[in-house]
Amino acid sequence: MALGGVFDIAGSGMTAQSVRLNTTASNLANAQSASSSSDEVYRSRQPVFSAVYRDASGFVSDKSDPQSQAGVEVLGIVESDAPLQRRYEPNHPEADEEGYVFYPNVNVVEEMTNMISASRSFQANVEVMNSAKQMVQRVLTLGQ
């Protein structure tokens, strides 16, 4: 793999972690949104990542091929199938006819952990890019 591939890999990792941070922020923002119906309530969302190896023509290739590029791909964002929180709050404006209100299946502690992990992963990719940049700059000064 050429040194330029390092930038592609770190860049794809940064993009993936940005998606993870945005998804986590959305989950936290909607953690206390109430609804009178289980069909309308916000559900926790998580990104799905995949390691990708592509050859020069863009096709998925064998990992052992030295000409292949690697990276992270976001396959999509899936909704959690964890049970929703159903609370008895008869005075709530969103309460159904039985007095229950539905809240999202967002676990705030897990989401904060995801946010810290995504932030650190993003920073690690930034450090990889900075190290690769310094190596390229040192190689360029060798000829002087």
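This structure is a prediction, so every number in the text was calculated from the model and none was measured.

Chemist: Mind showing me how you'd approach the overall build of the chain here?
Modeler: When helices and strands are counted, the chain shows two helices and four strands. Its helices and strands in sequence order give the chain the pattern α-β-β-β-β-α, from N to C terminus. When contacts within the chain are restricted to residue pairs at least 6 apart in sequence, those whose partners lie at least 24 apart make up 62%. A total accessible area of about 9200 Å² is found for the chain, and carbon and sulfur atoms account for 53% of it.

Chemist: What's the story with the environment of Val106 in this structure? I'm lost.
Modeler: In this structure, Val106 sits in the loop between strand 4 (100-103) and helix 2 (108-142). Spatially, the C-alpha atom of Val106 lies 8.5 Å from that of Leu84, the residues being 22 residues apart in sequence. Setting aside anything within four residues of it in sequence, one finds Val106 in contact with Asn27, Ala31, Tyr42, Ser44, Gln85 and Glu111.

Chemist: Please explain the packing of helix 1 (residues 3-29) against helix 2 as it appears in this structure.
Modeler: Helix packing geometry: the angle between the two helix axes and the distance between the axes. For the pair helix 1 and helix 2, interaxial distance at closest approach is 9 Å and the crossing angle is 160°. Between helix 1 and helix 2, the crossing angle belongs to the class labelled roughly antiparallel. For the crossing formed where helix 1 meets helix 2, the hand is left-handed. Looking at side-chain class alone, the contact of helix 1 with helix 2 contains 19 nonpolar, eleven polar and three charged residues.

Reading guide: rules and limits
- Residues numbered from 1 in each chain as written.
- Predicted model: local features only at pLDDT ≥ 70, side-chain atom pairs only at ≥ 80, totals over all residues.
- Heavy atoms only, no water.
- Helix = DSSP H or I, 4+ residues; strand = E, 2+ residues; numbered from the N terminus.
- Contact = heavy atoms within 4.5 Å.
- Areas by Shrake-Rupley, 256 points an atom, 1.4 Å probe, with all protein chains shown as cover.
- Axes fitted to C-alpha atoms, helices over the stretch in contact; angles between N-to-C directions.
- Parallel < 35°, antiparallel > 145°, perpendicular 65-115°, else oblique.
- Left-handed = near helix turned anticlockwise from the far one by under 90°.
- Nonpolar A, V, L, I, M, F, W, Y, C, P; charged D, E, K, R; others polar.

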